[in-house]
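For reference, the chains in residue letters:
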Amino acid sequence: MFLSSLLTSKTTMVTPEKALPGRAQAVVFEDRHFANGARIRGSYPEGAEIAYLAMGCFWGAERLFWELPGVHVTAVGYQGGYTPNPTYQETCTGQTGHAETVMVVYEPGKVSYGDLLKVFFEEHDPTQGMRQGNDIGTVYRSAIYTTSDAQLAEAIAVRDMYQDALAKAGKRVTVSTEIAPAGPFYFAEDYHQQYLAKNPNGYCGLKGTGVSCPISR
């Protein structure tokens, strides 16, 4: 009974009224990307855009994107919830409403938003609701937080295309990816940033459905 109650509390979105209060101070972290040396919080190339993608544990997800040609820099953090400047320990309780999210700064002339979405849908299972594999809780939900009307429209279109691809592959599952305009993004603690570059043998539980996203790269 206790275990069932705990799982239910972690997989049910907290309401704004019940979310943890948080704090005014932001997390302090190293502003240089550990893998490529780029500045994380600025000095982006002219015309660069930002995508926010949540696909379960952000350690492995971040590595997927920093390795893509055309991606300038990445960082991990917490987004989609209510608690200002949450800590990792707070987000893990499910009482902040945030999802573990990757910030991807990319150059559209070298890699498109559609390219990022293709990686997003193929490299995790966007049908699992409030979990990703053995990682259970609202913090591990699949989500796309958009920064423009164009991103929002494209994210919805690609989600629908991927839903059709799943159906054609005989998978009777529904894409549960949350798609919404981006709210505040709170950077995670320094030890989470570029975790798999710092710890090459670290945990990565990402696993796709095996169905390709039907957009070309």
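Numbering of residues starts from 1 in every chain and runs along the sequence as written. Where totals are concerned, whole chains, interfaces and linings use all residues; where local detail is concerned, this predicted model gives features only for residues with pLDDT of at least 70, and gives and counts side-chain atom pairs only at 80 or more. Heavy atoms from the whole structure form the basis of all side-chain values; hydrogens and water molecules are not counted.

Before going further, it helps to examine the overall build of the protein chain. Each helix is a run of H or I in the DSSP string that is no shorter than four residues. Each strand is a run of E no shorter than two, and both are numbered from the N terminus. Secondary structure summary: the protein chain contains six helices and eight strands in total. Secondary structure elements in the protein chain, listed N-terminal to C-terminal, are α-β-α-β-α-β-α-β-β-β-α-β-β-α. For the protein chain, whose C-alpha radius of gyration is 17 Å, the value lies close to the compact-globule estimate of 17 Å for 217 residues. Its C-alpha atoms put the protein chain at 50 × 45 × 35 Å along the principal axes. In this scheme, a residue with accessible area under 20% of its type's maximum is buried, one over 50% is exposed, and one in between is partly exposed, where area comes from a 1.4 Å probe on protein chains only. The proportion of buried residues among the 217 residues of the protein chain is 48%. Any two residues whose heavy atoms approach within 4.5 Å at even a single point are treated as in contact. In the protein chain, once contacts between residues fewer than 6 apart in sequence are set aside, the share between residues at least 24 apart is 79%. All accessibility values rest on the Shrake-Rupley procedure with a 1.4 Å probe; residue burial counts only the protein chains present in the view. Entry remark: accessible area of the protein chain is about 10300 Å², with carbon and sulfur atoms responsible for 53%. Positive charges come from Lys and Arg, negative ones from Asp and Glu, while His and the chain ends are left out of the count. A charged residue contributes its charge at one atom only: NZ of Lys, CZ of Arg, CG of Asp or CD of Glu. Distance from the positive charge centre (18 side chains) to the negative charge centre (22 side chains) of the protein chain: 5 Å. The globule rule is 2.2 Å times the number of residues to the power 0.38, and the radius of gyration it is compared with is taken over C-alpha atoms.

Quick look at the pattern of salt bridges now. Throughout this description, the term salt bridge denotes a Lys or Arg side-chain nitrogen within 4 Å of a carboxyl oxygen of Asp or Glu. Throughout the structure, instances matching the rule amount to seven salt bridges. The salt bridge involving R23 is made with E90; its shortest N-O contact spans 2.7 Å. Within this pair, whereas R23 is found in the loop between α1 (2-11) and β1 (49-55), its partner E90 is found in helix α3 (residues 88-92), the two being separated by 67 residues in sequence. Among the ionic pairs, D160 bridges to R159, the shortest N-O distance being 3.1 Å. With a relative accessible area of 36%, D160 lands in the partly exposed category.

This part is about the confidence of the model for the protein chain. Residue-level pLDDT values for the protein chain average 95, and 96% of them are 70 or greater. Known as pLDDT, the predictor's per-residue confidence is scaled from 0 to 100. Between the elements of the protein chain, mean pLDDT differs from a low of 59, seen in α1, to a high of 99, seen in strand β6 (residues 142-146).

Structurally, the position occupied by D31 is in the loop between α1 and β1. According to the relative accessible area criterion, D31 is buried, its value standing at 19%. When near neighbours in sequence (up to four residues on either side) are disregarded, D31 contacts A38, R39, I40 and R41.

Another aspect to go through is helix α2 (residues 58-66). The element α2 is extensively covered by neighbouring structure, given that seven of its nine residues are classed as buried. Among all positions of α2, only F58, W59, G60, A61, E62, F65 and W66 are buried. Those residues of α2 hidden inside the fold are in contact with β1, β2 (71-79), β3 (99-106), α4 (113-122) and α6 (195-198).

A few words on helix α5 (residues 149-168). Side chains of residues three or four places apart in an α-helix project in the same direction, reflecting 3.6 residues per turn. Here α5 is 20 residues long and its end C-alpha atoms lie 29 Å apart, about the 28 Å a rise of 1.5 Å per residue gives. If you check which residues of α5 are buried, you get Q151, A155, V158, Y162, A165 and L166. The buried residues of α5 occupy one face: seen down the axis, they fall within an arc of 95 degrees. Exposed residues lying more than 90 degrees from the buried face of α5 are D149 and K168. Buried residues in α5 make contact with β1, β3, α4, β6 and β7 (178-181). An expected span of 1.5 Å times one less than the residue number is assigned to each helix. Each direction from the helix axis to a C-beta atom contributes to the arc, which is the arc of those directions.

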